[in-house]
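# Secondary and tertiary structure notes
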Protein chains: 2
Amino acid sequence: MENGKVYMVPMSLGSENFKYYLPEDVLEKIRSIRFFIAENAKTARHYFILLGMRAFLPQITVYEMDKHNKDFDYSVYFDVLKNSHDLGVISEAGCPGVADPGASVALSAHRAGFQVVPLVGPSSILLSVMASGLNGQSFAFNGYLPVKNPERQKAIKKLEDRSKELNQTQVFIETPYRNNTFLETLCNVLNPNTLLTVACDITMPEEFIKTQSVANWKKQKINIDKRPAIFLILKK
Amino acid sequence: MENGKVYMVPMSLGSENFKYYLPEDVLEKIRSIRFFIAENAKTARHYFILLGMRAFLPQITVYEMDKHNKDFDYSVYFDVLKNSHDLGVISEAGCPGVADPGASVALSAHRAGFQVVPLVGPSSILLSVMASGLNGQSFAFNGYLPVKNPERQKAIKKLEDRSKELNQTQVFIETPYRNNTFLETLCNVLNPNTLLTVACDITMPEEFIKTQSVANWKKQKINIDKRPAIFLILKK
């Protein structure tokens, strides 16, 4: 019997129309999986219902990731693979293994010699780089920046400098309820000529993606409070 | 009349089974577009045929990107948008605007005030980060490295150092016919404990993605000649 495979399963970015962000054969693959490791079991089950898997829920086992121990050895769950069952890895939003703890599951799988298969789905990082018009030949995702000053302002300045030095688009995120003040801070700290992309509600009907100089952002008032957002900068 | 929108249209990574990498509603959107800016018009037309658009070819206009002038102002093509037609941007493989000239089209669109919409599709960068098990909270795509030594070895060393300093996964690509010698060079230049992911033929039946230490790669002989590949490193 062949071993099962570890599938990295993309999750919605908030949209309920999965036909807009999951390929048909990817959906079919997800529907065939009965064992999952999830960042949050409850969110995962809600997602399975959205994907039309309600009838399979009684047969589905969801293990939760250990967020407090990033070196946790997930091979304790790999008997499933040895018994030829596939194992799905699923995060809170977007693509597992990117900006979330799913990566340690994949690394445990590589260490134990199992195949890891990434499934195509929505990533706010990739989609925002595509639409930004900023340099896509060189870009870096940096996760969250420090919350408190002066560390926060320093981190912004450092990323701006790096974007110029390496000609590398710098991508970062913020907790949605802090978006408005974060945009204000960006406008105050960054050079007026630096290009800044604000991308909100990606893949949703109210999607908003705009690139302009910091000088122009200062003149425009937008409300992005509590909307999932991602920010990109490039200093020329 | 509302303006048309600029759609960033994902292209196959080599697979012919578009149901595995294009969401149904994305496919429908692409099929409705009659004006495109493409990296290569011939490749684009082949792709349209694969996507079942043969009947529309006579009505489809494909403008080619200007690869020799990266500051080319694409707004010369934007009458299409003013006439309420959508405009698709399409590259040679994967997602436009990422690792290709499509970004300047998106930037021209932002400057002219048009909406840019990224469509979900396959990206070897994102998919390889997902499956690598390396740090996905911080990663950078660096494109191609210099071809000649000593610049080549220096660039590899520099990225390895940066991966440790920033705890940032470093991603890069190589021309497929140089893959085998490139992997050899990586094994010789990198620290034996550095984690190296080799990902080939992503989204294809022969997909191969493996992460292990450089010491272990040295013991394993693989042939990745002429297979589209992407490389990721992380030094702990």
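Residues numbered from 1 in each chain as written. Chains lettered and ligands numbered in written order. Predicted model: local features only at pLDDT ≥ 70, side-chain atom pairs only at ≥ 80, totals over all residues.

When its secondary structure is counted, chain A shows eight helices and 10 strands. Rg of the C-alpha trace for chain A: 20 Å, near the compact-globule value of 18 Å for 236 residues, within the 12% margin. Referenced to the eigenvectors of the C-alpha coordinate spread, the extents of chain A come out at roughly 60 × 35 × 30 Å. Out of the 236 residues in chain A, the part that is buried amounts to 47%. (Helix = DSSP H or I, 4+ residues; strand = E, 2+ residues; numbered from the N terminus. Rg over C-alpha atoms; globule rule 2.2 N^0.38 Å. Buried ≥ 20, exposed ≤ 12 C-beta atoms within 10 Å, placed from the backbone.)

Relative to chain B, chain A is turned by 180° and slid 0.0 Å along the rotation axis, the superposed coordinates differing by an RMSD of 0.0 Å. Both chain copies can therefore be described as sitting about a two-fold axis. Comparing contact sets, 98% of the residues at the interface of chain A also lie at the interface in chain B, consistent with an isologous, same-surface contact. (Least-squares fit on C-alpha atoms with pLDDT ≥ 70 in both. Contact = placed C-beta atoms within 7 Å.)

Spatially, five strands are ordered β3-β2-β4-β1-β5 (chain B) in an open sheet, and the strand pairing comes out parallel. Bordering the open sheet on either side are β3 (61-64) and β5 (116-118) of chain B, each of which pairs with just one other strand. Going across the sheet, the axis of each strand differs from the next one's by a mean of 25°, ignoring polarity. Pairing of strand β1 (residues 6-9) of chain B with strand β4 (residues 87-90) of chain B involves four bridges; the strand directions are parallel. Within β4(B), the position partnered with Met8(B) by the bridge is Val89(B). Here helix α5 (residues 124-132) of chain A sits on the sheet and contacts β1 and β5 of chain B; the angle it forms with β5(B), its principal contact strand, is near 145°. (Pairing = 2+ DSSP bridges. Axes fitted to C-alpha atoms, helices over the stretch in contact; angles between N-to-C directions.)

Attention shifts here to the environment of Ala215(A). Residue and element names in this part refer to chain A. Relative to the assigned elements, Ala-215 resides in helix α8 (residues 214-219). You can call Ala-215 partly exposed: it has 14 C-beta atoms within 10 Å. Residues contacting Ala-215, with those up to four places away along its chain left out, are Pro-192 and Asn-193.

This part is about the domain arrangement of chain A. Residues and elements named next belong to chain A. Domains assigned within chain A are domain 1 (6-118) and domain 2 (124-234). Each side of the interface is counted separately: domain 1 has eight residues, and domain 2 has nine residues. Here the residues of the side of domain 1 that touches domain 2 are counted per class, giving five nonpolar, three polar and no charged. (Domains from an automatic or database assignment. Nonpolar A, V, L, I, M, F, W, Y, C, P; charged D, E, K, R; others polar.)

Glancing now at the interface of chain A and chain B. In this complex, chain A contributes 50 residues to the contact, which on the side of chain B involves 49 residues. Breaking the side of chain A that touches chain B down by element, the ones donating at least two residues are α1 (24-32), α4 (102-111), β5 (116-118), α5, β6 (139-144) and β9 (208-213) of chain A. With six residues, α5(A) is the single largest residue contributor to the side of chain A that touches chain B. As paired elements, β6(A) and strand β6 (residues 139-144) of chain B share three bridges and run antiparallel to each other. Within β6(B), the residue paired with Phe139(A) across the bridge is Phe141(B).

Tracing the backbone through its elements, the reader meets Glu24(A) in helix α1. A count of 15 C-beta atoms within 10 Å places Glu24(A) in the partly exposed class. Apart from residues no more than four positions distant in its own chain, Glu24(A) is found in contact with Lys19(B) and Glu24(B).

The subject of this paragraph is the nonpolar core. Generally speaking, nonpolar side chains in soluble globular proteins are found buried as a group. Judged by nonpolar contacts, the single largest core of 146 residues is most densely connected at Met8(A), Ala106(A), Met8(B) and Ala106(B). For Met8(A), the contacting residues outside a window of four places in its chain are Val89(A), Cys95(A), Pro96(A), Gly97(A), Gly102(A), Ala106(A), Val116(A), Val117(A), Pro118(A), Leu119(A), Met130(B) and Ala131(B). (Core = buried A, V, L, I, M, F, W, Y, C linked by C-beta atoms within 7 Å.)

This paragraph deals with helix α7 (residues 179-189) of chain B. Helical geometry note: an α-helix holds 3.6 residues per turn, so side chains three or four residues apart project in the same direction. All names here are of chain B. Every buried residue of α7 is listed here: Asn-179, Phe-182, Leu-183 and Leu-186. Each buried residue of α7 sits inside an arc of 100° when the element is viewed along its axis, so together they form one side. Turned more than 90 degrees away from the buried face of α7, the exposed residues are Thr-181, Glu-184 and Asn-188. Here the buried face of α7 lies against α6 (151-166), β8 (195-200) and β10 (229-234). (Arc of directions from axis to C-beta.)

All right, on to the packing of α6(B) against α7(B) then. Residue and element names in this part refer to chain B. In contact at an axis separation of 10 Å, α6 and α7 are set at 60° when each is read in the N-to-C sense. By the angle class used here, α6 and α7 are oblique. Of the two possible hands of crossing, α6 and α7 adopt the one that is right-handed. Every residue of α7 that contacts α6 at Arg-152, Gln-153, Ile-156 and Lys-157 is listed here: Thr-185, Leu-186 and Val-189. A class-by-class count of the residues in the contact of α6 with α7 yields three nonpolar, two polar and two charged. (Parallel < 35°, antiparallel > 145°, perpendicular 65-115°, else oblique. Left-handed = near helix turned anticlockwise from the far one by under 90°.)

Time to look at unusual backbone geometry. Asn149(A) connects to Pro150(A) through a cis peptide bond whose omega is 0°. One can find Pro150(A) in the loop between β6 and α6 (151-166). Despite not being glycine, Lys226(A) has its phi angle at roughly 65°, a positive value. Within the secondary structure, Lys226(A) sits in the loop between α8 and β10 (229-234). Backbone geometry places Asn167(B), a non-glycine residue, at a positive phi of 45°. Here Asn167(B) shows up in the loop between α6 and β7 (169-173). You can call Asn167(B) partly exposed: it has 13 C-beta atoms within 10 Å.

A few words on the pairing of β4(B). All names here are of chain B. Burial of β4 is two-sided: the residues Leu-87 and Val-89 facing one way and the residues Gly-88 and Ile-90 facing the other way are all buried. Note that strand β2 (residues 35-38) and β4 share four bridges and pair parallel. Bridge assignment links Phe-35 to a residue of β4, and that residue is Leu-87.

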